[in-house]
Amino acid sequence: MGGGVLVGGGLKSVFIKRVPLGNILSDEVERQGIPILRGKKLEDIKAAAEGGAVATFQDGTSVSGDYLIGCDGVHSRTRQIIDPGFQGPAFTGLINSGGYTSGVEVPSEPVKE
Ligand SMILES: Cc1cc2nc3c(=O)[nH]c(=O)nc-3n(C[C@H](O)[C@H](O)[C@H](O)COP(=O)(O)OP(=O)(O)OC[C@H]3O[C@@H](n4cnc5c(N)ncnc54)[C@H](O)[C@@H]3O)c2cc1C
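Residues numbered from 1 in each chain as written. Predicted model: local features only at pLDDT ≥ 70, side-chain atom pairs only at ≥ 80, totals over all residues. Heavy atoms only, no water.

1. Remarks on the pairing of strand β5 (residues 62-65)
Consecutive side chains along a regular strand alternate between the two faces of the sheet. The condition that has to hold: For two strands to pair, DSSP has to find at least two bridges joining them. The numbering of helices and of strands both runs from the N terminus, where a helix is a DSSP run of H or I of at least 4 residues and a strand a run of E of at least 2.
Pairing analysis gives four bridges linking strand β4 (residues 53-57) to β5, with the strands arranged antiparallel. The residue of β5 that forms the bridge with A55 is V63. Counted along the chain from β4 to the antiparallel partner β5, the turn is four residues long, and its residue G60 has a positive phi close to 90°.

This is the structure:
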């Protein structure tokens, strides 16, 4: 599922596949009793008269809260709404690549979680 690299006696980086990481985070959110509404697509955000924010979804439903955190990725609808002048993300080109393998000798021991 993942591992880490020890450099100079300290854990410097941790590798974990994205799906297990997502499952760990959503399991913890639900363990803390925080509801996750799946399948909702953010359409609009408005400041509430009494303070806080109201998020409206494409299915016509809405939720309100004290504040709103947009974690909706590189094509963020939240960013489109709060910063309509943003030109959009720019492709950086390939900056890294990697993969999983076995039977390869490496100079340090991988740390398994
Ligand atoms: C193939 C691939 C491999 C990668 N490998 C690595 C890696 O090995 N290591 C690494 O560090 N990074 C990797 N990345 C990059 C990493 O996945 C992203 O940097 C990271 O997921 C960004 O997190 P985020 O929360 O900003 O957005 P995301 O993870 O993209 O999450 C955004 C979420 O918002 C949801 N969403 C979007 N629009 C709406 C809307 N209107 N309403 C409601 N929800 C919405 C999406 O469905 C999604 O669930 C990889 C990316 C790809 C595509």
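We are not done yet, so read on.
2. Thoughts on the site of the ligand
Note the threshold: Each residue is tested against the molecule or strand, and it is near if at least one of its non-hydrogen atoms lies within 4 Å. Under the rule applied, a polar contact is a pair of N or O atoms within 3.5 Å (in protein, one hydrogen donor and one hydrogen acceptor; residues adjacent in sequence only if both atoms are side-chain atoms). The Shrake-Rupley method, run with a 1.4 Å probe, gives the accessible areas here. Residue values count only the displayed protein chains as cover. Gly falls in the polar group here, along with every residue not listed as nonpolar (Ala, Val, Leu, Ile, Met, Phe, Trp, Tyr, Cys, Pro) or charged (Asp, Glu, Lys, Arg).
Taken together, R18, K40, K41, L42, C71, D72, G73 and R77 make up the full set of residues adjacent to the ligand. Here an oxygen atom of the ligand sits 3.1 Å away from a polar atom, N or O, in the side chain of R18. Within the backbone of L42, an N or O atom sits 2.7 Å from a nitrogen atom of the ligand. Contact with the protein chains covers 30% of the free accessible surface of the ligand, which is 1,000 Å². Per-class residue counts for the shell around the ligand are two nonpolar, one polar and five charged.

3. Quick word on the pattern of salt bridges
Applicable threshold: Here a salt bridge means any side-chain nitrogen of Lys or Arg lying within 4 Å of a carboxyl oxygen belonging to Asp or Glu. Relative accessibility thresholds used throughout: buried, under 20% of the residue-type maximum; exposed, over 50%; partly exposed, between the two (1.4 Å probe, protein chains only).
Under the criterion given, the structure shown has four salt bridges. In this structure, D44 and K46 form a salt bridge, with 2.7 Å as the shortest nitrogen-oxygen distance. The class of D44 is partly exposed, set by a relative accessible area of 24%.

4. Brief notes about a nonpolar patch on the surface
Using the following cut-off: Each patch is built from residues lacking any salt bridge and having more than 30% relative accessible area; the joining distance is 9 Å for like charges and 5 Å for nonpolar side chains (Val, Leu, Ile, Met, Phe, Trp, Tyr).
Taken together, the side chains of I16, L21, I24 and L25 make up a nonpolar region of the molecular surface, amounting to roughly 320 Å² of accessible area. Examining the composition of the nonpolar patch, we find that three residues originate from one element, helix α1 (residues 18-31), more than from any other. Secondary-structure assignment places I16 in strand β2 (residues 10-16). With relative accessibility at 30%, the residue I16 sits in the partly exposed group.

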